[in-house]
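Given next are the chains, with one letter for each unit.
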Amino acid sequence: MIWNEEYETLPREALEALQLKRLQNLVERVYATVPFYRKKLDEAGVRPEQIKSLDDLKRLPFTTKQDLRDNYPFGLFAVPKEQVVRIHASSGTTGKPTVVGYTKRDINTWAELMARTFQAAGVGKGDILQNAYGYGLFTGGLGAHYGAELIGASVIPISGGNSKKQIMIMQDFGTTAISCTPSYALNLYEVAEEMGVDLKKLPVKVGVFGAEPWTNEMRREIEEKWGIDAIDIYGLSEVIGPGVAFECVEAKNGMHINEDHFLVEIIDPETGEQLPYGEKGEIVFTTLTKEAIPLIRYRTRDITRLIKAPCICGRTFVRMEKVMGRSDDMLIIRGVNVFPSQIESILMETKGILPHYLIIVDRENNLDTLEVLVEVNEEFFSDEIKKLQQLEISIEKSIKEMIGISAKVRLVEPKTIERSQGKAKRVIDKRKI
Amino acid sequence: MKITQISIFIENQSGRLWEVCDLLGKNNINIRALSLADTSDFGILRLIVNDPEKAYQKLRENEFTVGKTEVIAVEVPDSPGGLAKVLKILKDNNINVEYMYAFVERSGDCAIMIFRFDETDKAIEALNNNGIKTIKGQEIYGL
């Protein structure tokens, strides 16, 4: 099912003409309204009227997450605050959150994009969608909510957690579609199993899953255990939230990027050079229609590649493959952004000195696990077991408090963590994504 | 009356305990008493040796995490109720035992126990006032 036939199947030429018009408008708009962009464009020696073709995109400077932080909270807003009807933010795990705003029109655009997403997954009017993405500052819950309402589905705004109740409601309300993170879908399966509920016998037919990287193996597992189609979606709060790109149930092979609203590039994360279609690199978005906080060439740090081949569903938008990793050191653990520096600061605070440490991320039963090995030294050592165990527990508690994820802290002997000649290797990611 | 105990952090890996003992043996250090406390991840080996200073240095040189702790060695009557008698004195004086373990040798008619207290001096005083003998370091190291 295609929600917006006109745009989603726009011939390439017409799409590019639309993109150019919108890009020109965007650059003019931010140049006039956002001092940050005016300064950056001036420094790059680009005037808005010099944008003559889509190829001129290359001349525009990148925007990074740091730029959003530096302009916290509202410095990048391009409209007066009274036009901002919604404010969302990232979790702010490395300090200040990144704040994004939406005008009424942005909210409508977002709902349109999520409506496309749900329709592509086969969710429509008459469906009962159990929306188990978190509601709140996180964009997942409300983003999915408005889109599903727009298509006329009945939305159950249950948010995340409370798994037994989720299963009960699924049974009692006759849920036909579910949206949540893929790992939560597997958690729900386990809870259902404990409750003696066979998900395959419920009317749920499709799941719309995102907000964390997952593999095709995980897709197969979810599909088999739930007896549903599992659809992948992509988005990030800076760009708009969920709804940047979505899979279609027909192909389940790469996510269609809503190119009428986002201009996409793949770049070499080292040099910043644009890469041709099909090559692996960092995906970069320019928001073509966003009013409240438009972004020019936003560096996502997500590594993927674009698929230009036409899709069997009939959409003309290019597709992006599943995200393969990150170009910086940020880890996504159970959907939460985690930086090694956060763990470091906790260890530093614990005893006033920084021990050697190693972060090990793995995946057990489809749930990410976080283990932190900490080398014991004379400051950390005690002849009493309970003091050492208290130390482990207090570090675990601090990690949980700071990043919201349970970690296993394990004290190890000195010099057992490998030393490297250059930059210390602090993270081992054993997950196969 | 306080004696020096060497504590070593040991990860739960096969052969690790041997490495400690082997190192001590090669350096002619004799173990007088020991206890091994463990968790699922790591253990702490506590040792009374004939030359604690040397043991401490050698272990450090070999990059073990080592600590020195003051413990006391107590003569416990080697008869039924002997240990209970000692513990009662501690209980009556509100002294908490952090941990304890037995010494391998006997001294006269007594067994020897190693005690670790939070308030070591208070413990020594209470024991001595009640006729329980604590043994000097030099005596223990040379036994």
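Residues numbered from 1 in each chain as written. Chains lettered and ligands numbered in written order. Predicted model: local features only at pLDDT ≥ 70, side-chain atom pairs only at ≥ 80, totals over all residues. Heavy atoms only, no water.

- Per an unreviewed UniProt entry, the recorded name for chain B is ACT domain-containing protein, and the organism is Deferribacter autotrophicus.

- In the annotation of an unreviewed UniProt entry, chain A is listed under the name Phenylacetate-coenzyme A ligase and assigned to Deferribacter autotrophicus.
- UniProt, in its Pathway (unreviewed entry) section for chain A, records the words "Aromatic compound metabolism; phenylacetate degradation."
- Under the heading Function (unreviewed entry), UniProt records this for chain A: "Catalyzes the activation of phenylacetic acid (PA) to phenylacetyl-CoA (PA-CoA)." (UniProt positions renumbered as here; feature names shortened; annotations may be inferred.)

### Quick word on the sheet that holds strand 19 (residues 367–375) of chain A
Residue and element names in this part refer to chain A.
Moving on, step 1. The mixed open sheet is built from 4 strands, whose spatial order is 20-19-18-21. The strands lining the two open edges of the sheet, one partner per strand, are strand 20 (408–412) and strand 21 (427–429). Strand-to-strand twist in this sheet, taken as the mean axis angle between neighbours without regard to direction, amounts to 20°.
Moving on, step 2. One ladder, built from 5 bridges, connects strand 19 with strand 20; its direction is parallel. Of the residues in strand 20, the one forming a bridge with E371 is K408.
Moving on, step 3. Lying over the sheet, helix 10 (residues 340–351) contacts strand 18 (357–364), strand 19 and strand 21, oriented at roughly 125° with respect to strand 18. (Pairing = 2+ DSSP bridges. Helix = DSSP H or I, 4+ residues; strand = E, 2+ residues; numbered from the N terminus. Axes fitted to C-alpha atoms, helices over the stretch in contact; angles between N-to-C directions. Contact = heavy atoms within 4.5 Å.)

### Quick word on the pattern of salt bridges
Moving on, step 1. Scanning all chains against the criterion turns up 46 salt bridges over all chains.
Moving on, step 2. Between A:E291 and A:R105 there is a salt bridge; the shortest N-O distance is 2.9 Å. With A:E291 in the loop between strand 11 (281–287) and strand 12 (298–304) and A:R105 in helix 5 (residues 104–120), this residue pair connects regions lying 186 residues apart in the sequence.
Moving on, step 3. Between B:R60 and A:E378 there is a salt bridge, and its shortest N-O distance comes to 3.4 Å. With B:R60 in helix 2 (residues 52–61) and A:E378 in the loop between strand 19 and helix 11 (385–403), the pair connects residues from two separate chains.
Moving on, step 4. Relative accessible area serves as the criterion here: at 40%, B:R60 is assigned to the partly exposed category.
Moving on, step 5. Overlapping salt bridges, with partners in common, bring together A:D383, A:E384, A:K386, A:K387, B:E98 and B:R116 in one network. (Salt bridge = Lys/Arg side-chain N within 4 Å of Asp/Glu carboxyl O. Buried < 20%, exposed > 50% of the residue type's maximum accessible area, 1.4 Å probe, protein only.)

### Here's the deal with the packing of helix 2 (residues 12–33) of chain A against helix 3 (residues 35–44) of chain A
All names here are of chain A.
Moving on, step 1. Viewed as axis vectors pointing N to C, helix 2 and helix 3 meet at an angle of 110°, and their least axial separation amounts to 5 Å. Here helix 2 lies roughly perpendicular to helix 3, going by the angle between them. By crossing handedness, the relation of helix 2 to helix 3 is classed as left-handed. Contacts between helix 2 and helix 3 pair V27, V30, Y31, A32 and T33 from the former with P35, Y37, R38, L41 and D42 from the latter.
Moving on, step 2. A breakdown of the residues in the contact of helix 2 with helix 3 according to their chemical character gives 7 nonpolar, 1 polar and 2 charged. (Parallel < 35°, antiparallel > 145°, perpendicular 65-115°, else oblique. Left-handed = near helix turned anticlockwise from the far one by under 90°. Nonpolar A, V, L, I, M, F, W, Y, C, P; charged D, E, K, R; others polar.)

### Quick notes on the packing of aromatic side chains
Moving on, step 1. Scanning all chains against the criterion turns up 9 aromatic pairs over all chains.
Moving on, step 2. Each ring, one from A:Y102 and one from A:W110, has its centre 4.7 Å from the other, and the planes form 10°; the classification is stacked. Judged on exposure class, the residue A:Y102 and its partner A:W110 are both buried.
Moving on, step 3. Ring centres of A:F209 and A:W214 lie 5.8 Å apart, and the angle between their planes is 90°; this geometry places the pair in the edge-to-face category. As far as burial versus exposure is concerned, A:F209 and A:W214 are alike and both buried.
Moving on, step 4. One Lys or Arg, A:K322, reaches over the ring of A:W214 and ends 3.9 Å from the middle of that ring.
Moving on, step 5. Residue placement shows B:R46 over the ring face of B:Y99; its charged tip is 3.5 Å from the ring centre. (Phe/Tyr/Trp six-rings, centres within 6.5 Å; stacked < 30°, edge-to-face > 60°. Lys NZ or Arg CZ within 6 Å of the ring centre and 35° of its normal.)

### Overview of the interface of chain B and chain A
When the parts come together, some accessible area is lost, and that loss is often what is quoted as the size of the interface.
Moving on, step 1. The partner chain A presents 21 residues to the 25 residues of chain B that form the contact.
Moving on, step 2. Overall, the association of chain B and chain A removes approximately 1800 Å² of surface from exposure, summing both partners, and the carbon and sulfur fraction of that is 51%.
Moving on, step 3. For chain B, the biggest contributors to the area lost against chain A are B:F9, B:E11 and B:T65; these three give 31% of the whole.
Moving on, step 4. Joining chain B to chain A, the criterion identifies 7 salt bridges. (Buried area = accessible area lost by both parts, 1.4 Å probe.)

### Section: the packing of helix 1 (residues 16–26) of chain B against helix 2 of chain B
Residues and elements named next belong to chain B.
Moving on, step 1. It is at 10 Å that the axes of helix 1 and helix 2 come closest, and there the two elements cross at 125°. Relative to helix 2, the element helix 1 lies oblique. As for how helix 1 packs across helix 2, the hand of that crossing is right-handed. In this structure, helix 1 contributes V20, L23 and L24 to the contact, and helix 2 contributes A55, K58 and L59.

### A word on the pairing of strand 3 (residues 42–49) of chain B
Residues and elements named next belong to chain B.
Moving on, step 1. Counting buried residues in strand 3 gives 8 out of 8 residues, a clear majority hidden from the surface.
Moving on, step 2. Across 6 bridges, the pairing between strand 1 (residues 2–11) and strand 3 is antiparallel. Bridge assignment links I10 to a residue of strand 3, and that residue is G43.
Moving on, step 3. As paired elements, strand 2 (residues 31–38) and strand 3 share 7 bridges and run antiparallel to each other. Each residue of the ladder has a partner; that of A33, found in strand 3, is I48.
Moving on, step 4. In textbook terms, the turn of a hairpin is the stretch between consecutive antiparallel strands, and for strand 2 and strand 3 this stretch comprises 3 residues.

### Thoughts on the pairing of strand 10 (residues 262–267) of chain A
As a general feature of sheets, a regular strand has side chains that alternate between the two faces.
All names here are of chain A.
Moving on, step 1. Counting buried positions along strand 10 yields 6 of 6 residues, so the element is predominantly enclosed.
Moving on, step 2. Residues F262, V264 and I266 of strand 10 are buried on one face, and the alternating residues L263, E265 and I267, pointing to the opposite face, are buried as well.
Moving on, step 3. Of the pairings in the sheet, the one linking strand 10 to strand 11 comprises 6 bridges and is antiparallel in character. By the bridge assignment for strand 11, F262 is matched with T287.

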